[in-house]
Protein chains: 2
Amino acid sequence: MADTKTPRPGRTAARPAAQAPARNEARAAARTAAADPTPALDRIQALPSWLLNRASARGRRLVAEALARDGMRMPHHAVLSAVADLEPVAQAELGRTTGFDPKDMVGILNDLQGRDLVSRAPDPNDRRKNAITLTPEGRKRLTRLAKLGDEANEALLSALSPAERELFLALLQRVVEGEGDVVPGS
Amino acid sequence: MADTKTPRPGRTAARPAAQAPARNEARAAARTAAADPTPALDRIQALPSWLLNRASARGRRLVAEALARDGMRMPHHAVLSAVADLEPVAQAELGRTTGFDPKDMVGILNDLQGRDLVSRAPDPNDRRKNAITLTPEGRKRLTRLAKLGDEANEALLSALSPAERELFLALLQRVVEGEGDVVPGS
DNA sequence: AGTCATTCATTGGAGCTCCCAACGAATTTG
DNA sequence: CAAATTCGTTGGGAGCTCCAATGAATGACT
């Protein structure tokens, strides 16, 4: 890859020119010449995947900023919530329910345990497992985090009315589940 | 962080036990005791930011798989599209219109130039800039990529009817633009 | 004119998410 | 009892996003 590029070869000027004819004129000319009614850039930026990426990035940023005010990140909040529901729970099951990689789960729980928000004790019934439990501080912290997360999500959808939000979430849910192809039917 | 965790301390067994009382019973007990009608995990996984992340990840995966059949990745497609519209165009402007970091733009264009899909020549009018241009091969390749991308996006929204897709995209667009708070008015 | 701020392409580095592979310990299956 | 599986952990890598700094070149201002 290092030999394929042209790393600013000396900048010796003296070029054939006749290559940059006023930009906009070239663009319009190309459009009429190639009969390209919809510019490729506009098309790509209207693609569902593109819009979803941008919306997701905005949501992640908003949530990250909100949780950062409490010194936490999104995975901390998610795992803390899962522990609250499933405790005592093994790390592998936490990974399955939240979707985090076991490798990353180790780091997340290291953080949470380091702040005394969860306790990680060997499970007496299955000594391979760790029994993850919420500490009282963890429970209080989770309440705060849930509030911050809700506020961020409120801001994320602030452009939509309540009815529109409900509709949007319903559609979004079906997109997430995907598996479409066959008509929903029921 | 290395001293905060408990790295499986020997597994010497002999534990206080009385800590893992059959799992499900503990869960039900906690729910009645804490009067928690909505499990925290369910709540967090119904959050707009969570759903958007999952939908975005699904879209990214579908698009990546589709473009990979042509040996390309998403940024390649996006930049190639932008070049098609704006050529000849400088890297910095490409970065502004597509949203890619200037650093990443270097690598993307290195790839594209290495495959002779774009040409990168010094701009005679402004010797700081590179004039990025589409090669004939690049134009053909873009047609293929656009098709692959469209198919992937079709699959992404396959769970929605045409009317629902239109509605979903309209709502999604407004979420992306955000800046809500004030009513759109027009 | 010459100084100064800005822009451009590039390099370096970091963080996050996801995936794959391996390991020792422990458990389950046959 | 042997074999396969699970569990937590460590290691590495690929992609995407972001920030800081550099030298070259340009533009603006006095």
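The structure this text deals with has already been given above.
Residues numbered from 1 in each chain as written. Chains lettered and ligands numbered in written order. Predicted model: local features only at pLDDT ≥ 70, side-chain atom pairs only at ≥ 80, totals over all residues. Heavy atoms only, no water.

Which parts of the structure should I look at to understand the overall build of chain A?
Along the backbone of chain A there are 8 helices and 2 strands. Burial statistics for chain A: of 186 residues in total, 45% are counted as buried. Counting only contacts in chain A whose residues sit at least 6 apart along the sequence, the fraction spanning at least 24 positions is 51%. Taken as a whole, chain A presents about 10,000 Å² of accessible surface, with 54% of it coming from carbon and sulfur. (Helix = DSSP H or I, 4+ residues; strand = E, 2+ residues; numbered from the N terminus. Buried < 20%, exposed > 50% of the residue type's maximum accessible area, 1.4 Å probe, protein only. Contact = heavy atoms within 4.5 Å. Areas by Shrake-Rupley, 256 points an atom, 1.4 Å probe, with all protein chains shown as cover.)

In this structure, what is going on with the pattern of salt bridges? I would like to understand it.
Close approach of charged atoms allows side chains of opposite charge to pair. Residues and elements named next belong to chain A. For the structure on display, the rule yields 20 salt bridges over all chains. Across the pair Glu 151 and Arg 69 runs a salt bridge whose closest N-O atoms are separated by 3.9 Å. Taken as a pair, Glu 151 in helix α7 (residues 136–156) and Arg 69 in the loop between α3 (48–68) and α4 (74–86) lie far apart in primary sequence, 82 residues in all. Glu 87 is the salt-bridge partner of Arg 139, the closest N and O atoms lying 2.7 Å from each other. With Arg 139 in helix α7 and Glu 87 in the loop between α4 and α5 (91–98), this pair connects stretches of sequence that are 52 residues apart. For Arg 139, a relative accessible area of 37% translates into the label partly exposed. Given a relative accessible area of 10%, Glu 87 falls into the buried group. Overlapping salt bridges, with partners in common, bring together Asp 70, Arg 141 and Arg 144 in one network. (Salt bridge = Lys/Arg side-chain N within 4 Å of Asp/Glu carboxyl O.)

Help me out: how do you make sense of helix α4 (residues 74–86) of chain B in this one?
Note that an α-helix has 3.6 residues per turn; residues three or four places apart therefore point the same way. Helix length check: α4 of chain B (13 residues) gives 19 Å between terminal C-alpha atoms against 18 Å at 1.5 Å per residue, within 8%. The buried count for α4 of chain B comes to 11 of 13 residues, which makes it a mostly enclosed element. (Expected span 1.5 Å × (residues − 1).)

Help me understand unusual backbone geometry, please; the structure alone is not making it clear to me.
As a rule of thumb, non-glycine residues mostly have phi less than zero, and peptide bonds are mostly trans rather than cis. All names here are of chain A. The omega torsion of the bond from Glu 87 to Pro 88 falls at -5 degrees, within 30 degrees of zero and hence cis. Here Pro 88 is to be found in the loop between α4 and α5. The phi torsion at Asp 116 lies on the positive side, around 60 degrees, for a residue other than glycine. By the element assignment, Asp 116 lies in the loop between α6 (102–114) and β1 (118–122). The class for Asp 116 is partly exposed, based on a relative accessible area of 47%.

Please clarify how the packing of aromatic side chains should be interpreted in this entry.
Aromatic ring pairs: the centre-centre distance and the angle between the two ring planes describe each pair. Considering all chains together, one arrives at 1 aromatic pair over all chains under this definition. Between Phe 168 of chain A and Phe 168 of chain B, the aromatic rings sit 5.7 Å apart at their centres with planes inclined by 15 degrees, giving stacked as the arrangement. Here the residue Phe 168 of chain A occupies a position in helix α8 (residues 162–177), and Phe 168 of chain B occupies one in helix α8 (residues 162–177), the pair thus bridging two chains. A relative accessible area of 0% means that Phe 168 of chain A is categorised as buried. (Phe/Tyr/Trp six-rings, centres within 6.5 Å; stacked < 30°, edge-to-face > 60°.)

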